[in-house]
There are 2 protein chains.
Amino acid sequence: MKQLKQRSDCPISSALDIIGDKWSLLIVRDIMMNGKNTYNEFLKSVEKIATNVLADRLTMLEATGIITKEEHPESKAKIYYKLTEKGIDLLPVLIELILWADEYLPVSKSAVAYGKVLKKDKAGITKQMMAALKKANK
Amino acid sequence: MKQLKQRSDCPISSALDIIGDKWSLLIVRDIMMNGKNTYNEFLKSVEKIATNVLADRLTMLEATGIITKEEHPESKAKIYYKLTEKGIDLLPVLIELILWADEYLPVSKSAVAYGKVLKKDKAGITKQMMAALKKANK
DNA sequence: AAAATTAACTTGCTTTTTGCAAGTTAATTT
DNA sequence: AAATTAACTTGCAAAAAGCAAGTTAATTTT
């Protein structure tokens, strides 16, 4: 696995030591916003993560306490990945990334629309989503 | 240079295509919060970025419109790197990373203290910092 | 005014990470 | 019983990161 070392005690740097890559936050996104919870569901995302990289990221997200592996309620062949509270608390980071991308990068129509809604009541929507995620996670 | 391609039209993915790595946001941080503006100042940061990686990231941050290169006011030997508005608008992302790291990762005492202050009036402090950065940037 | 230093890179090389295709094993479905 | 699905692992090539040393122009020191 990609080794986990802290480059400094700066909070930004420390956060990036864990989630500063192209894939980790997409897995968090898929669980948080796209209702995905299994390896194969993550694999099917449009961004096409490589199988070994996905396995690696899942291991490290679990090791850092962002996700947990659980028994899948419907099948023993599946593993149910879910966010921990630490993982759910990444929501505000994702929200800010969405707002920034929405302002400056070419994104889908639906993302633009969602950005507009978000912008009007960022704090409220974030709070509400966070509460829903935490409630559903119990 | 690291090539820039959009993996999808998802805003989170698109943002990560640009700043989803271990170094880009540290350069933004150094300009935004640590008063650094030159190659050698970036090199001296505690996280110890490699010289070629720094050169690469500066090129790509400029190519994506997050920073600009300007004449240094004091010396022709130096280059003055500054944030664009697009770069300044990454402040909320950095703020959320700080808050998350502050809550879940081992960070410096001063970062913990700053996090507490931030938490009390996130929106207000962000707004004020943003205004100060944009004003200073004119 | 020559020599040393500084600033911003570049180059070459090794190590690490990513990407891709194929293979494995257990559980589930046909 | 055979085929499929789910979650990985393995092997290998390509890309990126890390490290040390070198280059060039500007600036400072002697």
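Criteria and cut-off values
- Residues numbered from 1 in each chain as written.
- Chains lettered and ligands numbered in written order.
- Predicted model: local features only at pLDDT ≥ 70, side-chain atom pairs only at ≥ 80, totals over all residues.
- Heavy atoms only, no water.
- Domains from an automatic or database assignment.
- Contact = heavy atoms within 4.5 Å.
- Buried area = accessible area lost by both parts, 1.4 Å probe.
- Salt bridge = Lys/Arg side-chain N within 4 Å of Asp/Glu carboxyl O.
- Buried < 20%, exposed > 50% of the residue type's maximum accessible area, 1.4 Å probe, protein only.
- Helix = DSSP H or I, 4+ residues; strand = E, 2+ residues; numbered from the N terminus.
- Polar contact = N/O pair within 3.5 Å; in protein donor to acceptor, adjacent residues only side chain to side chain.
- Nonpolar A, V, L, I, M, F, W, Y, C, P; charged D, E, K, R; others polar.
- Near = heavy atom within 4 Å.
- Core = buried A, V, L, I, M, F, W, Y, C linked by side-chain atoms within 4.5 Å.

## Re the domain arrangement of chain A
All names here are of chain A.
Move 1: Domain annotation of chain A identifies domain 1 (1-84) and domain 2 (90-138).
Move 2: For domain 1 and domain 2, the distance between their C-alpha centroids amounts to 19 Å.
Move 3: If you look at the interface, domain 1 gives 10 residues, while domain 2 gives 8 residues.
Move 4: When the two sides are added together, the surface that domain 1 and domain 2 hide from each other amounts to roughly 770 Å², 81% of it contributed by carbon and sulfur.
Move 5: On inspection of domain 1 and its partner domain 2, the count reaches 0 salt bridges.

## Some words on helix α1 (residues 11-19) of chain A
Move 1: Taking burial as the measure, the 9 residues of α1 of chain A include 9 buried ones, the bulk of the element.
Move 2: Three or more residues of α1 of chain A are buried, namely Pro 11, Ile 12, Ser 13, Ser 14, Ala 15, Leu 16, Asp 17, Ile 18 and Ile 19 of chain A.

## What to know about the interface of chain B and chain A
Move 1: Listed as interface residues are 44 residues of chain B and, on the opposing side, 44 residues of chain A.
Move 2: Taking both partners together, chain B and chain A bury about 4000 Å²; carbon and sulfur atoms supply 71% of that area.
Move 3: Looking at the side of chain B facing chain A, the largest losses of area belong to Ile 12, Lys 22 and Trp 100 of chain B, adding up to 19% of the total buried there.
Move 4: Between chain B and chain A we count 0 salt bridges in total.
Move 5: Across the contact surface, chain B and chain A share 18 residue pairs in polar contact (both at pLDDT 80 or more).
Move 6: Elements with a contribution of two residues or more to the side of chain B that touches chain A: α1 (11-19), α2 (24-33), α5 (85-88) and α6 (91-104) of chain B.
Move 7: The class makeup of the residues in the side of chain B that touches chain A is 26 nonpolar, 6 polar and 12 charged.

## What to know about the protein's contact with DNA strand D
Move 1: Near DNA strand D lie 19 residues; those nearest to it are Asn 40 and Tyr 81 of chain A together with Asn 52, Arg 57 and Lys 76 of chain B.
Move 2: Backbone sugar and phosphate groups make up 70% of those atoms of DNA strand D lying within 4 Å of the protein.
Move 3: Separating a base nitrogen of DNA strand D from a side-chain N or O atom of Asn 52 of chain B is a distance of 2.9 Å.
Move 4: A distance of 2.6 Å is found between a phosphate oxygen of DNA strand D and a side-chain nitrogen or oxygen belonging to Arg 57 of chain B.
Move 5: Put simply, the parts of the chain that give the surface near DNA strand D at least two residues each are α3 (39-43), α4 (51-63) and β2 (79-83) of chain A together with α4 (51-63) of chain B.
Move 6: When residues of the surface near DNA strand D are assigned to their parent elements, the largest contribution, 4 residues, is made by α4 of chain B.
Move 7: Its residues placed into classes, the surface near DNA strand D shows 8 nonpolar, 7 polar and 4 charged.

## Remarks on the nonpolar core
Move 1: Ranked by internal contacts, the top residues of the largest apolar core, which has 86 residues, are Leu 25, Ile 66 and Leu 97 of chain A together with Leu 25, Ile 66 and Leu 97 of chain B.
Move 2: Setting aside anything within four residues of it in sequence, one finds Leu 97 of chain A in contact with Leu 25 of chain A together with Pro 11, Ile 12, Ala 15, Leu 16, Ile 19 and Val 93 of chain B.

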